[in-house]
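Observations on the model geometry
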Amino acid sequence: MRMYDLIEKKKQNKALSKEEIQWFIEHYINGDIPDYQVSAFMMAIYFNGMTDEETSHLTLSMAESGEMLSLEGIEGIIVDKHSTGGVGDKTTLVVAPMVASLGVPVAKMSGRGLGHTGGTIDKLESIPGFQTSIPIEQFIDNVNSIKIAIAGQTANLAPADKKLYALRDVTATVNQRSLIASSIMSKKIASGADAIVLDVKVGTGAFMKNEPEAVELAEIMVSIGKKLGRDTTAIISDMNQPLGFAVGNNLEVIEAINTLNGNGPKDLLEVSLELASHMVYHAKKASSIEEAKKMLQETIDNGSALKKFMEFVKDQGGDESYVSDTTKFQGASFKEAVNAKSSGYIASIEAEQIGYSALVLGGGRETKESVIDLSVGVIIEKKIGDYVAKGEPLAIIHGNDSTKIANAKALIQDAYVISETEVEPPQIIKKVIT
Ligand code: URA
């Protein structure tokens, strides 16, 4: 087989066989196929798509490209959670300790930022000392002793996805249904959880811009999960504006800590409770979603979720004093307001542009080699439906470089549409697909 022929076949919109997909994955991870050919291949898939059958073959080939983790050493039903990616999406940092504090084991492999979206691993690394790369034995020990461990994808877990993910991030080939589904599900299958809860984001800040596309993505992921024996649920949640107010690595960690303290944004708490309740229900710790939500709210009200987060940070080498005193996080050098040019109601926010503004400030990667600045980002002051007076701030930029701040400012200014008539804020949970 030759890579050239596979690219040509996909360019002509023909379906690839299981053997061709397996061959591609095997030779890509061996280093036999150069990135430039794979970039062209990804772009052909981006434009022509893949059938459900091709997507299932790609998922399994990627899952089997490395170690298939056995979490047999962990007691209880392990439920994993994964988001398709959004702006200001820090739900894992809220959901994982809430769920773990109810005794449900959370053994989660998370990712870095992708395109305009942030990643849990980058966020966690803004806590000084926090280790996102821990040996599997420690990962399992931590889950058994404190019910929670979150680590970056190890070199050996779905290595084909690890390589493709980094390449897609910088070749504008992220937002394709089959590529997203296989990327997420290969990791979930390889990382050995019993059940999976997916947060499929839809809207201007998501990879899926409209509901039918998001539902299609959710359905294929649920179907792959079920075919491979994992109880899978997908929630479709709104991403027409950043989730919560904070966008940027350490700013988001601070907001997640505030949420665990009972002082978080309403939309972030609502999505977190929805996702967490399905995890608790799958783990058979509650007899209904409503009961699970009550139990989870209680973990915030009685401080047990925050306590669990501190234990988790400490066990992975992080300085937990940053959790009890968030003023210790290093702030950016400059804060600059983006002010409204007219009065009215916020009609829409191009959330992807807000995500890019955080990237432009240095909070995300421009190339595979970029080193990110954990202190920069944006605090949203006005969300959809809010009234703003001319000259009032729409958002506050936290930056370290005046040229980058100016670029981010233009993106944010442009992202807001202000209307003279009142606007209803979007509904946050759109659908649940089981
Ligand atoms: N999250 C992933 O893990 N992969 C994608 O392709 C998109 C979001």
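Quick caveat: nothing in here was measured; it's all calculated off a predicted structure. (Residues numbered from 1 in each chain as written. Predicted model: local features only at pLDDT ≥ 70, side-chain atom pairs only at ≥ 80, totals over all residues. Heavy atoms only, no water.)

Taking 1.5 Å of rise per residue, 12 residues should cover 16 Å, and helix α14 (residues 304-315) covers 16 Å from first to last C-alpha, within 8% of that figure. Taken residue by residue, α14 has Ala305, Leu306, Lys308, Phe309, Phe312 and Val313 as its buried positions. Along the axis of α14, the buried positions cluster into a sector of 155 degrees, meaning they face one direction only. Of the exposed residues in α14, the ones pointing more than 90 degrees away from its buried face are Lys307 and Lys314. A positive backbone phi angle near 85 degrees is found at glycine 317, which sits one or two residues after α14. (Helix = DSSP H or I, 4+ residues; strand = E, 2+ residues; numbered from the N terminus. Expected span 1.5 Å × (residues − 1). Buried < 20%, exposed > 50% of the residue type's maximum accessible area, 1.4 Å probe, protein only. Arc of directions from axis to C-beta.)

So, about helix α3 (residues 35-48). Between its terminal C-alpha atoms α3 stretches 20 Å, which fits the 20 Å expected from 14 residues at 1.5 Å a residue. Among the residues of α3, Val38, Ser39, Phe41, Met42, Ala44 and Ile45 are the ones counted as buried. Phi turns positive one or two residues past the end of α3, at glycine 49, with a value near 75 degrees.

So, on to the sheet that holds strand β6 (residues 246-247). Taken together, the 4 strands give an open sheet; going across it, the order is β6-β9-β11-β7, and neighbouring strands pair in antiparallel fashion. Each edge of the sheet is formed by a strand with only one pairing partner; in this case those strands are β6 and β7 (334-339). (Pairing = 2+ DSSP bridges.)

On to the packing of aromatic side chains, then. Enumeration over the complete set of coordinates arrives at 7 aromatic pairs. Note on phenylalanine 24 and tyrosine 28: the rings are 5.9 Å apart at their centroids and 10 degrees apart in plane angle, and the pair reads as stacked. Highlighted residues: phenylalanine 24 and tyrosine 28, both in helix α2 (residues 18-29), separated by 4 residues, approximately one helical turn. This pair shows no difference in class: phenylalanine 24 is buried, exactly as tyrosine 28 is. Considering the side-chain rings of phenylalanine 130 and phenylalanine 312, the 5.3 Å spacing of their centres and the 65 degrees angle between planes classify their relative orientation as edge-to-face. Of this pair, phenylalanine 130 sits in the loop between α6 (120-124) and α7 (136-146) while phenylalanine 312 sits in helix α14; the two residues are 182 residues apart in sequence, bridging distant segments of the chain. Owing to a relative accessible area of 6%, phenylalanine 130 belongs among the buried residues under this scheme. (Phe/Tyr/Trp six-rings, centres within 6.5 Å; stacked < 30°, edge-to-face > 60°.)

We now examine the environment of glycine 111. Mapped onto the secondary structure, glycine 111 falls in the loop between β2 (106-110) and α6. Separated by 53 residues in the primary sequence, glycine 111 and leucine 58 place their C-alpha atoms 19 Å from one another. Not counting residues within four places of it along the chain, the set of residues in contact with glycine 111 comprises Gly119, Thr120, Ile121, Asp122 and Tyr165. (Contact = heavy atoms within 4.5 Å.)

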